Amino acid sequence: MTVMIYNTMTKSKEPFEPLEADSVKMYVCGPTVYDNAHVGHAMSSIVFDVIRRYLEYRGYTVRHVMNYTDVDDKVIIRANELGEDPLELAGKYIRRYDAHLKALNVLPAEAYPRVSQEIDQIIEMVSGLIEREIAYEVEGDVYFRVSSDEDYGRLSHRNLEELQAGARLRVDDRKEDPADFALWKSAKPDEPAWESPWGKGRPGWHIECSAMSLHHLGEQIDIHGGGNDLIFPHHENEIAQSESFTQKPFAKYWVHNGMMQLSGEAMSKSTGNVFNVNEFLESYEGDVLRVLILNASYRSPLTFNEEVVEQAVRALDRIKGGLRPATPLAKIPSGTETALAEATDVARRGFEASMDDDFNTAGALGHIFNLVKEINQARTAGLEAEPLGKAQETLQELTGVLGLKLSVEEMILGKEATPYIDLLVEVRQELRQAKQWELSDLVRDRLADLGIQIEDGKEGPTWHAI
RNA sequence: GGCGACGUGGCCAAGUCCGGUAAGGCAUGGGUCUGCAAAACCCCUAUCGUGGGUUCAAAUCCCACCGUCGCCUCCA
């Protein structure tokens, strides 16, 4: 089976065939770092992390690059408000974003280029576009001549007439055409600026991604990703710039994630709801956000609210429950082991079929939950640790492809606590034999407070970390 | 005004491209187990926004309408 991938350019699912047989080049537009990241940014990072992980599961080597936009109007405005240096402010948010990515278990990219560190490459590209008369300079500003690109609009499926009909186009006499966009902006007071052939200034927004992608991944890439809010104008302009410069097709597959809806008053901070990544991570582990996001289609809008978060917490607990140790019984129904082995295969095949279909993570999760159920049934039937463990390994592997950690917090205790817990469980058992319910429940409740859950099964009690 | 997306059980949501009688999770109710509890297991809960049309057959195709949302020069 081949992986099918939805391409915004063709508006259809296409078989995934990278430019080179086993290697995938993937460039994803990262955030403009002028404020704390919110869960929508995290959604994008998680979506493309899962795409990467699945392609790796499928045997590809993935070269993943994500940029940080640290030179931008918003950064400058924010820095001026706070009386800080724009690049320092951006650097601070980049460090936070890095920490978030780690906490969210997003695999490290090959490179995280920043605009401020790629000025030379950007200037080189802008110069090249001017030489080809695709761009023109006016009083220290450089604009891309949209009319020079016959294909302009083919990603967002618009044409220039439609764009010009749009009410929001600002009129600027210095541009040849209202749709022309800035490649380089002349310096204004109190802005970070770099020397260039057109005087001091800074790059426009779109050119950075063309230049960075070229610099780090080469002229042609396989996947270009980002939020669907970037389709126009950002990605449209990237295509225009890159292809005008290299005379080659830029990205083979354009992949866009849907927007997370941080809707309504329910999301306000005053009600205690979280939507910043750091606030979210204060209350929940990263896996919760993953489950929440992966339970839906990455291309569709996703509503984020407290109820959905709670559902994700429970769903995650259920998956973790599948990893609980075996509680073997003397008599096991015949066929339990082979049934579980078969169910494991079915789950893996279903998982792959779903993921092959444009990374249908919600469908894939369905198969994972089915596997959890099978494991639980086998455990309830009394299957021994080893055959149960095989199914659990598959569960770990598949959830790992989705980037779930499934960390059980027994680490807080450390192995050395185990004999003492065993002792307490044993004491409680003695108390139960003596029908000293109050005391035995006290032990159970206090252990629960400490994060240890006792469960009374047919063959006596077992315990696990919560 | 233009381009596009979405509307499936109480909630989230897969399935829609390749039509054949609705995955999964959460919640609820009932049951098994149990001193109680927890967990687990078993059972129950939908005809797919509305109205037409095509078809032996439609959540899936076509038309219209309603509703929600995104983008239209710098937001993942």
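To be clear, the structure that these remarks concern was listed above.
Attention here is on the structure that accompanies the text. (Residues numbered from 1 in each chain as written. Chains lettered and ligands numbered in written order. Predicted model: local features only at pLDDT ≥ 70, side-chain atom pairs only at ≥ 80, totals over all residues. Heavy atoms only, no water.)

1. Quick word on empty space enclosed by the protein
For the structure shown, the criterion picks out one cavity of 30 Å³ or more. Of the volumes computed, that of the largest cavity is approximately 60 Å³. The wall of the largest cavity is formed by Val47, Val50, Ile51, Ile293, Leu294, Ala296, Tyr298, Phe359 and Thr361. Every element with two or more residues in the lining of the largest cavity is listed here: α1 (39-57) and α9 (286-294). At three residues, α1 tops the list of elements feeding residues into the lining of the largest cavity. When grouped by side-chain class, the residues that make up the lining of the largest cavity number eight nonpolar, one polar and no charged. (1 Å grid on protein atoms, 1.4 Å probe; cavity = no way out; pocket = protein on both sides within 12 Å on 5 of 7 lines; lining within 4 Å. Points joined across faces, edges and corners; volume = space filled by probe spheres on them. Helix = DSSP H or I, 4+ residues; strand = E, 2+ residues; numbered from the N terminus. Nonpolar A, V, L, I, M, F, W, Y, C, P; charged D, E, K, R; others polar.)

2. Here we look at the packing of α1 against α9
Relative orientation of the contacting elements α1 and α9 amounts to 80 degrees, with a least axis distance of 10 Å. It follows that α1 is roughly perpendicular to α9 by the angle criterion. Residues Val39, Ala42, Met43, Ile46, Val47, Asp49, Val50 and Arg53 of α1 form the contact with α9, whose own contacting residues are Leu289, Arg290, Ile293 and Leu294. (Axes fitted to C-alpha atoms, helices over the stretch in contact; angles between N-to-C directions. Parallel < 35°, antiparallel > 145°, perpendicular 65-115°, else oblique. Contact = heavy atoms within 4.5 Å.)

3. Some details on the protein's contact with RNA strand B
Contacts to RNA strand B come from 70 residues, most closely from Lys185, Gly227, Leu230, Arg314 and Gln377. Among the atoms of RNA strand B lying within 4 Å of the protein, the sugar-phosphate backbone contributes 60%. One nitrogen or oxygen atom from the main chain of alanine 179 is found 2.7 Å from a base oxygen belonging to RNA strand B. The backbone of serine 297 places a nitrogen or oxygen atom 3.2 Å from a phosphate oxygen of RNA strand B. Sort the elements by how many residues they give to the surface near RNA strand B and helix α12 (residues 361-381) lands first, with nine residues. Looking at the surface near RNA strand B residue by residue, the classes come out as 20 nonpolar, 26 polar and 24 charged. (Near = heavy atom within 4 Å. Polar contact = N/O pair within 3.5 Å; in protein donor to acceptor, adjacent residues only side chain to side chain.)

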